[in-house]
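Read off the chains here:
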Amino acid sequence: MLTIPSQVEGVDYHLDDVTLKYRVTYCFRGVLPRLEEGSEILDLGCNRGITTKHLGRLYPHCRVIGVEILPGYLTEEAEGNVDFIVGDAFTDLERRTFDMVIAMNNIYFMLIHHPLEVQKKALTKIMRDLKRLTRPRGYLLIAGQQGNAEFIERGLMYRCIVQMDGNNSWTLRREDVLIEKAFEFSDALKTAIDALKN
Ligand SMILES: C[S@@+](CC[C@H](N)C(=O)[O-])C[C@H]1O[C@@H](n2cnc3c(N)ncnc32)[C@H](O)[C@@H]1O
């Protein structure tokens, strides 16, 4: 079975506001890409939108768009440099692309409905969609994190940053696999990245 970060038994996934707010900061501390003025960021599967709002403050010179497929989940409203879209990030963004795409704690939830034997194929499809959403020289950030604020730092299980070049190819710039369970996910992800190199 392909074990994906955030799929750890016995974990309480009812995350508190502090965890959601600072999740990007904690998960990508020290490695968050610098973006130029006017860059556009996609927070894919933004759920309540708290993380998206915090991204807006981390990148005040950029536009941040949170997309959430389930309308009932969004609790935050657009303000300043932050907008929200209710829809499917892979089919409803009308061919929009972004300078940075963040897929935080959601790839597992996209795979969970697939039978185990097709999960790796499904991961390749998700990666193809994520690649299409990412602009030339843009970044794709993926992370899996569990737990609430009191142990948020220990909760990081996996993170990676993939960068596009100007020729529709991409490179894994950084990867940290922090729990053993995430190694299989890491391998499958790297296979998908290689398969979609060009
Ligand atoms: C576990 S939550 C993670 C929320 C947030 N990124 C975080 O880290 O707290 C995964 C979210 O992704 C949403 N989602 C799944 N597939 C999606 C898609 N294709 N487009 C937009 N949102 C999607 C789910 O509805 C859910 O709210």
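First things first, this report covers the structure right here in the doc. Small disclaimer: the values here were computed from a predicted structure and weren't measured. (Residues numbered from 1 in each chain as written. Predicted model: local features only at pLDDT ≥ 70, side-chain atom pairs only at ≥ 80, totals over all residues.)

What follows deals with the overall build of the protein chain. A count of helical and extended segments in the protein chain gives 5 helices and 7 strands. A buried classification covers 39% of the 198 residues belonging to the protein chain. In the protein chain, the proportion of contacts linking residues at least 24 apart, taken out of those at least 6 apart, comes to 64%. (Helix = DSSP H or I, 4+ residues; strand = E, 2+ residues; numbered from the N terminus. Buried ≥ 20, exposed ≤ 12 C-beta atoms within 10 Å, placed from the backbone. Contact = placed C-beta atoms within 7 Å.)

Right, let's get into the site of the ligand. As a matter of local geometry, the ligand sits amid 19 residues, with G45, N47, I69, A89 and M104 nearest to it. Of all elements in the fold, only helix 1 (17-27), strand 2 (63-68) and helix 3 (107-111) reach the threshold of two or more residues within the shell around the ligand. Class assignment of the residues belonging to the shell around the ligand gives a composition of 11 nonpolar, 5 polar and 3 charged. (Near = placed C-beta within 6 Å. Nonpolar A, V, L, I, M, F, W, Y, C, P; charged D, E, K, R; others polar.)

Within helix 2 (residues 50-58), the full set of buried residues consists of I50, T51, T52, K53, L55 and G56. On its buried side, helix 2 packs onto helix 1, strand 1 (40-44), strand 2, strand 3 (82-86) and strand 4 (98-104).

The next thing to look at is the packing of helix 4 (residues 119-133) against helix 5 (residues 183-195). Look at helix 4 against helix 5: their axes get within 9 Å of each other, and the N-to-C directions meet at 55°. One finds that helix 4 runs oblique with respect to helix 5. Classified by chirality, the crossing of helix 5 by helix 4 is right-handed. Residues K120, L123, T124 and M127 of helix 4 form the contact with helix 5, whose own contacting residues are A188, L189, A192, I193 and A195. Within the contact of helix 4 with helix 5, the residues separate by chemical class into 7 nonpolar, 1 polar and 1 charged. (Axes fitted to C-alpha atoms, helices over the stretch in contact; angles between N-to-C directions. Parallel < 35°, antiparallel > 145°, perpendicular 65-115°, else oblique. Left-handed = near helix turned anticlockwise from the far one by under 90°.)

Moving on, we get to the pairing of strand 5 (residues 134-145). Across the 12 residues of strand 5, 9 count as buried, placing the element largely inside the fold. Examined bridge by bridge, strand 4 and strand 5 share 6 bridges and lie parallel to one another. Within strand 5, the residue paired with V101 across the bridge is L140. The pairing of strand 5 with strand 6 (residues 156-164) spans 7 bridges and is classified as antiparallel. Each bridged residue has a counterpart across the sheet, and for A143 the counterpart in strand 6 is R159. (Pairing = 2+ DSSP bridges.)

Another aspect to go through is the pairing of strand 2. The buried fraction of strand 2 is high, at 5 of 6 residues. Relative to strand 2, strand 1 runs parallel, the two being bridged by 5 bridges. Considered in strand 2, the bridge of E40 is made with R63. In this fold, strand 1 hands off to helix 2, which returns the chain to strand 2; that crossover is right-handed. (Right-handed = clockwise from strand over helix to strand, strands pointing away.)

At E94, a residue that is not glycine, the phi angle is positive and equals roughly 45°. Accessibility expressed as a C-beta count within 10 Å gives 6 for E94, which makes it exposed. Phi is positive for R137, close to 70°, though the residue is something other than glycine. Along the chain, R137 falls in strand 5. With 11 C-beta atoms packed within 10 Å, R137 lands in the exposed category.

Okay, helix 4 next. Its 15 residues place the ends of helix 4 21 Å apart at the C-alpha level, agreeing with the 21 Å of an ideal helix rising 1.5 Å per residue. Within the sequence span of helix 4, burial applies to Q119, L123, M127, L130, K131 and L133. Take helix 4 and look down its axis: the buried residues cluster within an arc of 155°, on one side only. (Expected span 1.5 Å × (residues − 1). Arc of directions from axis to C-beta.)

The strand order 3-2-1-4-5-6-7 describes an open sheet built from 7 strands, whose pairing is mixed. Each of the sheet's edge strands pairs with one partner strand only, and the pair in question is strand 3 and strand 7 (170-177). Taking each pair of neighbouring strands and ignoring which way they run, the sheet shows an average axis angle of 15°. Taken together, the 4 bridges between strand 1 and strand 4 define a ladder with parallel strand orientation. Residue pairing for strand 4: D43 is matched across the bridge by I102.

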